[in-house]
Amino acid sequence: AHPPRKALSGADTSSFGYATLHSRLPVIVSKVVDDVYRSYHGSKDTDPDKQEKDIEAKQIIEAIGGLRYELQRDKPFRPLKDNLPDVVEWNQALADHYPGSSWYKASWLFSECYLYRRIREAFALTQHWRDYDPFFDQKQSVFKASQKAVVAIAVQLMSPVNQSRDSSETASTKEQQVNQLSSIDVLVSQGPDSKGTREAFFELTQVCLWGNATDLSLLDNPDLAKVEELQRRMMVSGGSGVSSPASSSTPISGSRNASSVSLDKQSSEIQHQDAQGQEQEMSELDKHAEFILQNDTALLWEKVKTMRNGRVDFILDNAGFELYVDLVFADYLIRAGFASEIVFHAKRIPWFVSDVMPFDFQWTLDQLYKPTGNSNTDGSPAFFFNPSKPEEQQALENLGQKWQSYVDRGIWKVTSHDFWTSCYAFYHLPTHNSAQDLFADMSKSDLWIFKGDLNYRKLVYDCQWPTTTPFAEAIGPLGSRADVPSLVSFRTCKADVVVGLKEGVEERVEKVAKNWMVGGEYAVISFKA
Ligand code: F6P
Ligand code: MG
């Protein structure tokens, strides 16, 4: 199944595909070399395998250098040489669809996927570096730089509601119970149809969306202060995680169909916050909603609110802060009773720099609640994050333990499949031979949530669609087959393909932000019923 449109390609020098191949990917590739170089220089002389590892590290560096040369000179693609399970399929695709083709001639999507698979080949051909993730250090330091936002959200989700919030109430049994609950539990405690549950939904979908703005491959040189600044803008004055673009550009005036309200604001019904503050916060949030050019949050809510103990599949994108807010949303779906099972689809190999692998998933939970093994200056155990207040530390640990218990009880499952790191667009998911097990399993789900830009590109086949093409049409078989459940894409725009816009939106946004399609400042939440 192929869409009736031309694929995006680096052959068009005015495209973001060209800019990516020409300027972004060589930097990403060079950083792999730097990482391996640092890693083998940092390894201990006492390591019995040191000599072999050093020899292999040099092999990897040479292979990656060769890859950069091939990319920069637009050399023809060559077959893969390793023995990973997906190698036959890759080489078949190369022979069938790209004979004699090369980086700038092939579709951008293929070239870029092939690049990450070639990076993996360099490691897969060694003994000691087979499972090494050359992007792990970057993922780790950006997560560390996200401390402020991570802590603020954990406190918001896990802190007991302020006891003195209502002087007219005595410490009844009911109130004591309420105090055991975190504020999100208070919001959802009145049932799936309640106002609190609905408002939390609109809030957390926005948090989940904008978490996609801080991915590493777009920040070629992730300046950690910049990451903090991006996330600071995601927080509204003292609020928790919140809907906001990672930008200060002028929004276009669009429809205000996202009635998002911060978690703080919802608990304010309980906490009696002052009305003026609420008003300010609301207008701030409305403004942010205007950066979402297609916003199907309300349609998604219509679906989610009918679900009871359902299954939701997350097709994950990036590790670090984005994964953290995905988990926040997944946690909400469980706590509200909409889902009793969440399946997270991670990547099997390091992919597009920051994508989640199963290891990253468990690592993230560990950093929230497990001591690092080192001690602080006062002798207490050190943790990955070091918030200044004990209650903040406690909130992180409680949240981490809660999430770990979901994993231990099988409520959250982490899985991976070669299909997600193949060269195939998602049009092929229902019919592709080696993805039949994956599709059969995913068909049992009630809702698929696709995160991020690359997943969006793969959903719409990375084509030159007119921006007014309906989303359900652009996703081909996934939009028309009865055995595909409802699906939604949360995506900040970082590639020159966008669909689902109303007439005139493209023209309006073009006027205020020339690079609206690729700058990560605008977004879409696209739903298929
Ligand atoms: O480099 C190509 C690309 O798909 C961009 O369009 C985007 O910047 C990045 O890779 C991946 O983004 P995401 O992590 O949101 O999928
Ligand atoms: Mg990614």
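Just so it is clear, the structure is predicted and the values come from calculations on it, not from any experiment.

Colleague: Teacher, can you tell me more about the coordination of the magnesium ion (ligand 2) here?
Modeller: Between any two of four tetrahedral donors, the ideal angle at the metal is 109.5 degrees; between two of six octahedral donors, it is 90 or 180 degrees. At 2.1 to 2.2 Å from the magnesium ion (ligand 2) lie its protein donor atoms, namely Asp317 (OD), Asn318 (OD1) and Asp355 (OD). Donor residues for the magnesium ion (ligand 2), ordered by position in the chain, follow D-N-x36-D. In this pair, Asn318 is assigned in the loop between β2 (310-315) and α14 (321-335) and Asp355 in the loop between β3 (339-346) and α15 (358-369), connecting sequence segments 37 residues apart.

Colleague: Would you mind going over the environment of Ala474 with me for this structure?
Modeller: Here Ala474 lies in helix α19 (residues 471-474). In sequence terms Ala474 and Arg24 are 450 residues apart; their C-alpha atoms lie 27 Å from each other. Residues within four places of Ala474 in sequence aside, it is in contact with Tyr427, Leu459, Val460, Trp465, Thr469 and Val499.

Colleague: Got a minute to help me understand the packing of aromatic side chains in this structure?
Modeller: Each pair of aromatic rings is reported with the distance of its centres and the angle of its planes. Here the structure, examined in full by the defined rule, presents 52 aromatic pairs. Geometrically, the ring pair formed by Phe291 and Tyr522 is tilted, given 5.1 Å between the ring centres and 45° between the ring planes. Of this pair, Phe291 sits in the loop between α12 (275-289) and β1 (292-295) while Tyr522 is found in the loop between α21 (505-512) and β7 (523-528), placing the two residues 231 residues apart along the sequence. On the basis of relative accessible area, Phe291 is assigned to the buried category, the value being 2%.

Colleague: Sorry if this is basic, but what is going on with the environment of Thr297 here?
Modeller: Tracing the sequence through the fold places Thr297 in helix α13 (residues 297-304). On a C-alpha basis, the gap between Thr297 and Phe202 in space is 7.2 Å, while along the polypeptide they are 95 residues apart. Those residues in contact with Thr297 that sit more than four places away from it in its chain are Phe201, Phe202, Thr205, Gln206 and Ile525.

Colleague: Help me out: how do you make sense of the site of ligand 1 in this one?
Modeller: With respect to spatial proximity, 17 residues lie near ligand 1, and among them Glu112, Asp453, Leu454, Arg457 and Lys494 are the closest. The side chain of Asp453 places a nitrogen or oxygen atom 2.7 Å from an oxygen atom of ligand 1. Taking Lys494, its main chain carries an N or O atom lying 2.5 Å from an oxygen atom of ligand 1. Contact with the protein chains hides 100% of the accessible area of ligand 1, taken as 390 Å² for the molecule alone. Ranked by residues supplied to the shell around ligand 1, first place goes to helix α18 (residues 452-459) with four residues. Taken together, the residues that form the shell around ligand 1 break down as five nonpolar, five polar and seven charged.

Colleague: Honestly, the sheet that holds β2 in this entry has me stumped. Any pointers?
Modeller: What holds strands together in a sheet is hydrogen bonding between their backbones, with the strands either parallel or antiparallel. A sheet is described by the order of its strands in space; here seven strands give the open sequence β1-β7-β6-β5-β2-β3-β4, paired in mixed fashion. In this open sheet, the two strands that pair with only one neighbour each are β1 and β4 (412-416). Averaged over neighbouring strand pairs, the angle between their axes works out to 15° when direction is ignored. The strands touched by α13 within the sheet are β1, β5 (447-451), β6 (486-492) and β7, with β7 carrying the most contacts at an inclination of about 40°. Together, β3 and β4 form the strand contacts of α15, whose direction differs from that of β4 by roughly 150°.

Colleague: For this particular structure, what's the right way to read the environment of Gly400?
Modeller: Within the secondary structure, Gly400 sits in helix α16 (residues 390-408). A C-alpha to C-alpha distance of 7.9 Å links Gly400 and Gln367, two positions 33 residues apart in sequence.

Colleague: Can you walk me through the side chain of Glu392 in this structure?
Modeller: Mapped onto the elements of the fold, Glu392 is located in helix α16. No salt bridge is formed by the buried Glu392; its nearest oppositely charged neighbour, Lys389, is found at 4.2 Å. Of note is the side chain of Glu392, whose polar atom sits 3.5 Å from the backbone nitrogen of Ser388. Residues contacting Glu392, with those up to four places away along its chain left out, are Val151, Val155 and Pro387.

Colleague: Would you mind going over the pattern of salt bridges with me for this structure?
Modeller: Taken as a whole and assessed by the stated rule, the structure comprises 29 salt bridges. Taking the shortest distance from any N to any O, the salt bridge between Arg117 and Asp82 comes out at 2.8 Å. Here the residue Arg117 occupies a position in helix α4 (residues 108-124), and Asp82 occupies one in the loop between α2 (50-72) and α3 (87-97), the gap between them amounting to 35 residues. Among the residues examined, Arg117 registers a relative accessible area of 0% and is labelled buried. The residue Glu199 makes a salt bridge to Lys195 at a minimum N-O spacing of 3.4 Å. Within this pair, Glu199 and its partner Lys195 are both found in helix α9 (residues 195-210), separated by four residues, close to a single helical turn. For Glu199, a relative accessible area of 12% translates into the label buried. One network of salt bridges, with partners in common, ties together Glu70, Arg78, Arg118 and Glu121.

Colleague: What should I look at first to understand unusual backbone geometry in this one?
Modeller: Peptide bonds are mostly trans, and most non-glycine residues show a negative phi. Despite not being glycine, Phe352 shows a phi value in the positive range, around 45°. The residue Phe352 is located in the loop between β3 and α15 in this model. Non-glycine residue Tyr461 carries a positive phi angle of around 65°. Within the secondary structure, Tyr461 is located in the loop between α18 and α19. Given a relative accessible area of 15%, Tyr461 falls into the buried group.

Colleague: Help me understand the nonpolar core in this model?
Modeller: In summary, soluble globular proteins display a tendency toward joint burial of nonpolar side chains. Membership of the largest hydrophobic core comes to 153 residues, with the highest contact counts inside it found for Phe314, Tyr324, Tyr332, Leu333 and Trp412. With 11 residues, α14 is the largest single contributor of residues to this core. Not counting chain neighbours up to four residues away, the residues in contact with Leu333 comprise Val304, Val312, Phe314, Phe338, Ala339, Ile342 and Ile449.

Colleague: I would appreciate a short explanation of the pairing of β2 in the present structure.
Modeller: Within a regular strand, side chains alternate between the sheet's two faces. Burial analysis of β2 places six of its six residues in the buried class, the great majority of the element. Both faces of β2 are covered, namely the face carrying Gly310, Val312 and Phe314 and the face carrying Arg311, Asp313 and Ile315. Relative to β3, β2 runs parallel, the two being bridged by six bridges. Counterpart to Ile315 in the pairing with β3 is His345. In this fold, the crossover linking β2 to β3 by way of α14 has right-handed handedness. Alignment of β2 against β5, held across four bridges, turns out to be parallel. Paired with Phe314 across the strands is Ile449, a residue of β5.

Colleague: Quick question: what am I supposed to make of α9 here?
Modeller: Side chains of residues three or four places apart in an α-helix project in the same direction, reflecting 3.6 residues per turn. Compared with an ideal rise of 1.5 Å per residue, which puts 16 residues at 22 Å, α9 spans 23 Å between its outermost C-alpha atoms and is within 8% of the ideal. Counting buried positions along α9 yields 14 of 16 residues, so the element is predominantly enclosed.

About the cut-offs
- Residues numbered from 1 in each chain as written.
- Chains lettered and ligands numbered in written order.
- Predicted model: local features only at pLDDT ≥ 70, side-chain atom pairs only at ≥ 80, totals over all residues.
- Heavy atoms only, no water.
- Donors = N, O, S within 2.8 Å, 3.2 Å for Na, K, Ca; no water.
- Helix = DSSP H or I, 4+ residues; strand = E, 2+ residues; numbered from the N terminus.
- Contact = heavy atoms within 4.5 Å.
- Phe/Tyr/Trp six-rings, centres within 6.5 Å; stacked < 30°, edge-to-face > 60°.
- Buried < 20%, exposed > 50% of the residue type's maximum accessible area, 1.4 Å probe, protein only.
- Near = heavy atom within 4 Å.
- Polar contact = N/O pair within 3.5 Å; in protein donor to acceptor, adjacent residues only side chain to side chain.
- Areas by Shrake-Rupley, 256 points an atom, 1.4 Å probe, with all protein chains shown as cover.
- Nonpolar A, V, L, I, M, F, W, Y, C, P; charged D, E, K, R; others polar.
- Pairing = 2+ DSSP bridges.
- Axes fitted to C-alpha atoms, helices over the stretch in contact; angles between N-to-C directions.
- Lys, Arg positive; Asp, Glu negative; His and termini not counted.
- Salt bridge = Lys/Arg side-chain N within 4 Å of Asp/Glu carboxyl O.
- Core = buried A, V, L, I, M, F, W, Y, C linked by side-chain atoms within 4.5 Å.
- Right-handed = clockwise from strand over helix to strand, strands pointing away.
- Expected span 1.5 Å × (residues − 1).

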